[in-house]
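Read off the chains here:
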Amino acid sequence: MTEHNLIQTLNDALGWELRAANMYAHYAANIRGIHRLQLSPMFTDEATESTMHADIVRKAIVKLGGVPVTERNPHEIIHTTQYGEMLVHSLETETKAAAVYAAIMIELESVGDQDLYDAIEQIYLAELRSLEELRLLMG
Ligand SMILES: [Fe+2]
Ligand SMILES: [Fe+2]
């Protein structure tokens, strides 16, 4: 694994986090009905968490000598006001995030940067917690 590939994979994760922050903020604002009471704050928390993850990944890219992306991943953010659809798209997003971080952890095993490995592992575990929470929410 070259550092160039690692920077590319980290940039892939950064693009997904920027997209996630955007999507969750959009859903927090657009959700309608009684579930807005609980899910709007949850989506806002997820948007904040995605922004925090993006910040960690961005700084890691700079530290490695790379240039962080400024555009979000282009995967379409589906507009809806229905909580059920939002949960489906959230599950898709968290599944993708967990997969990207799992790939980064495998790459980092051959790099030997323990600090970065620990930071990425913490993010990965946070994505898994979100995934599990979404699965429970969806019954
Ligand atoms: Fe994240
Ligand atoms: Fe997430």
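Let us look at the structure shown here. This structure is a prediction, so every number in the text was calculated from the model and none was measured.

1. A look at the overall build of the chain
- If you tally the helices and strands in the chain, you get four helices and zero strands.
- By the compact-globule yardstick of 14 Å for 139 residues, the chain fits well, its C-alpha radius of gyration being 15 Å.
- Each of the three principal axes of the chain carries a C-alpha extent, and together these read 50 × 25 × 20 Å.
- Across the 139 residues that make up the chain, the buried fraction comes to 32%.
- Put simply, of all contacts in the chain between residues at least 6 apart along the chain, 77% involve residues at least 24 apart.

2. Details of the packing of helix 1 (residues 3-30) against helix 2 (residues 36-63)
- Contact pair helix 1 / helix 2: the axes reach a minimum separation of 8 Å and the direction vectors enclose 160 degrees. As far as their axial angle goes, helix 2 and helix 1 are roughly antiparallel. Crossing handedness for the pair helix 1 and helix 2: left-handed.

3. Here's the deal with helix 3 (residues 83-109)
- Over its 27 residues, helix 3 extends 39 Å from the first C-alpha to the last, a length consistent with the 39 Å expected when each residue adds 1.5 Å.
- Lining the buried residues of helix 3 we find helix 1, helix 2 and helix 4 (114-137).

4. What to know about the nonpolar core
- Core analysis: the largest hydrophobic core is formed by 32 residues, its most contacted members being Leu10, Ala13 and Tyr101.
- Contributing elements (two or more residues each) for this core: helix 1, helix 2, helix 3 and helix 4.
- With eleven residues, the single largest contributor to this core is helix 1.
- Not counting residues up to four positions away in its chain, the partners in contact with Leu10 are Val57, Ala60, Ile61 and Ile104.

5. Notes on the environment of Asn73
- As for its position among the elements, Asn73 is in the loop between helix 2 and helix 3.
- Sequence-distant contacts of Asn73, defined by excluding residues within four places in its chain, comprise Gly15, Trp16 and Arg19.

6. A look at the environment of Leu91
- Note that Leu91 resides in helix 3.
- Once residues lying within four places of it in the same chain are set aside, the contact partners of Leu91 are Leu134 and Met138.

7. Side note on the packing of helix 3 against helix 4
- Across the interface, helix 3 lies against helix 4 with an axial gap of 9 Å and an inter-helix angle of 155 degrees. Judged by the angle between their axes, helix 3 and helix 4 are roughly antiparallel. Taken as a pair, helix 3 and helix 4 cross one another with a handedness that is left-handed. Between helix 3 and helix 4, the contacting residues are Leu87, Ser90, Leu91, Glu94, Thr95, Ala97, Ala98, Tyr101, Ala102, Ile104, Met105 and Leu108 on the first element and Leu116, Tyr117, Ile120, Glu121, Ile123, Tyr124, Glu127, Leu128, Ser130, Leu131, Leu134 and Leu137 on the second.
- Looking at the contact of helix 3 with helix 4 residue by residue, the class counts come to 18 nonpolar, three polar and three charged.

8. Digging into the environment of Ile104
- By the element assignment, Ile104 lies in helix 3.
- Note on Ile104: 24 C-beta atoms within 10 Å, which makes it buried.
- If near-sequence neighbours (up to four positions away) are discounted, Ile104 is found in contact with Thr9, Leu10, Ala13 and Ile120.

The rules behind the values
- Residues numbered from 1 in each chain as written.
- Chains lettered and ligands numbered in written order.
- Predicted model: local features only at pLDDT ≥ 70, side-chain atom pairs only at ≥ 80, totals over all residues.
- Helix = DSSP H or I, 4+ residues; strand = E, 2+ residues; numbered from the N terminus.
- Rg over C-alpha atoms; globule rule 2.2 N^0.38 Å.
- Buried ≥ 20, exposed ≤ 12 C-beta atoms within 10 Å, placed from the backbone.
- Contact = placed C-beta atoms within 7 Å.
- Axes fitted to C-alpha atoms, helices over the stretch in contact; angles between N-to-C directions.
- Parallel < 35°, antiparallel > 145°, perpendicular 65-115°, else oblique.
- Left-handed = near helix turned anticlockwise from the far one by under 90°.
- Expected span 1.5 Å × (residues − 1).
- Core = buried A, V, L, I, M, F, W, Y, C linked by C-beta atoms within 7 Å.
- Nonpolar A, V, L, I, M, F, W, Y, C, P; charged D, E, K, R; others polar.

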